[in-house]
Amino acid sequence: MAQSVRNSEGTPFARTSSDVIAADSQTSQFERLGGVAGITRLVARFYDKVLADPALSPYFADVALDKLRRMQFEFFSAALGAPVRYSGRSIMQAHSGRRITGEHFRAFVGHLDETLKEHALSDGERKAIIDRINAYADDVVKPVAALDP
Ligand code: HEM
């Protein structure tokens with residue numbers, strides 16, 4: 001069934017029935033995270049933690065945070081199998097040249113883990129989501145060979 005998912009500004013994320021991913025188990029996980037409203041709040045709380053972390057906040061100094069939260073909402077929702085299409089840049093493109101280290105990547109994912117703990121997920125489900133996000137490490141972190149000595 002085609003479903004239109006809208007953010008607070010009414011922008012449709014899923015425009016056609018082909019955008020809808022029929023994955024029952026994943027959709028119910030999306031629903032248990034509170035659907036569109038729940039993931040929107042999850043992303044907001046997650047970035048509150050990231051921006052309150054003095055090691056990470058400088059990365060976001062010149063970033064349009066509303067757009068970033070919107071993109072991250074789409075990305076997480078799509079990663080959870082929700083009927084949402086991610087419309088942003090590739091994860092590699094969005095992070096290239098930002099000199100993000102492995103330590104910063106782990107801190108970022110740690111804040112996500114803490115945020116997910118606030119939701120009714122089993123430990124296994126939470127770890128599965130974190131594994132899915134950790135799989136992007138190579139696209140986010142500056143290649144080791146290019147790190148300063
Ligand atoms: C797997 C982990 C991560 C995921 C899935 C992720 C996801 C995203 C997404 C979806 C965007 C929006 C892209 C767009 O606007 O087209 C973005 C942008 C950004 N991310 Fe990440 N991110 C991750 C890790 C990190 C880390 C560790 C940092 C820094 C410590 C970071 C810093 C940024 C910044 C500064 C932007 C803004 C780029 C811009 O607007 O030009 N990200 N990220």
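Counting restarts for each chain, with residues numbered from 1 along the sequence as it is written. The predicted origin of the model limits local features to residues at a pLDDT of at least 70 and limits the giving and counting of side-chain atom pairs to 80 or more, whereas totals for whole chains, interfaces and linings rest on all residues.

Q: Tell me about the site of the ligand, residues and numbers included.
A: Should the C-beta atom of a residue, placed from the backbone, lie within 6 Å of a molecule or strand, that residue is near it. In the vicinity of the ligand there are 21 residues, among which Met71, Gly88, Arg89, Ala94 and Phe108 approach most closely. A helix here means a DSSP run of H or I that spans at least four residues, while a strand means a run of E at least two residues long, and both kinds are numbered starting from the N terminus. In terms of residues, the shell around the ligand owes the most to one element, helix 3 (residues 65–79), which gives four residues. Split by residue class, the shell around the ligand holds 15 nonpolar, four polar and two charged. Only Asp, Glu, Lys and Arg are considered charged in this grouping, and only Ala, Val, Leu, Ile, Met, Phe, Trp, Tyr, Cys and Pro are considered nonpolar; every other residue, Gly among them, is considered polar.

Q: How would you sum up the nonpolar core? Please name residues and give values.
A: By definition, a nonpolar core groups buried Ala, Val, Leu, Ile, Met, Phe, Trp, Tyr and Cys residues that are joined through C-beta atoms within 7 Å. Partly exposed residues are those whose C-beta has more than 12 but fewer than 20 other C-beta atoms within 10 Å; with 20 or more the residue is buried, with 12 or fewer it is exposed, and the C-beta atoms are placed from the backbone. Grouped together as the largest cluster of nonpolar side chains are 16 residues, with contacts concentrated most on Leu33, Ile39, Leu42, Val43, Phe46, Phe76 and Leu80. No other element matches the six residues that helix 2 (residues 35–51) contributes to this core.

Q: Please set out helix 5 (residues 102–117) residue by residue, giving values where relevant.
A: To estimate how far a helix should reach, multiply one less than its number of residues by 1.5 Å. Along its 16 residues, helix 5 runs 22 Å from first to last C-alpha, staying within 8% of the 22 Å computed at 1.5 Å per residue. Those residues of helix 5 that sit buried are Phe105, Phe108, Leu112 and Thr115. Projected down its long axis, helix 5 shows its buried positions confined to an angular sector of 85°, all on one face. Facing away from the buried side of helix 5 by over 90 degrees, the exposed positions are Glu103, Arg106, Glu114 and Lys117. This entry defines residue contacts through backbone-placed C-beta atoms, with two residues in contact when those atoms are within 7 Å. The inward-facing, buried residues of helix 5 contact helix 2, helix 6 (123–134) and helix 7 (137–140). The arc refers to the directions leading from the helix axis to the C-beta atoms.

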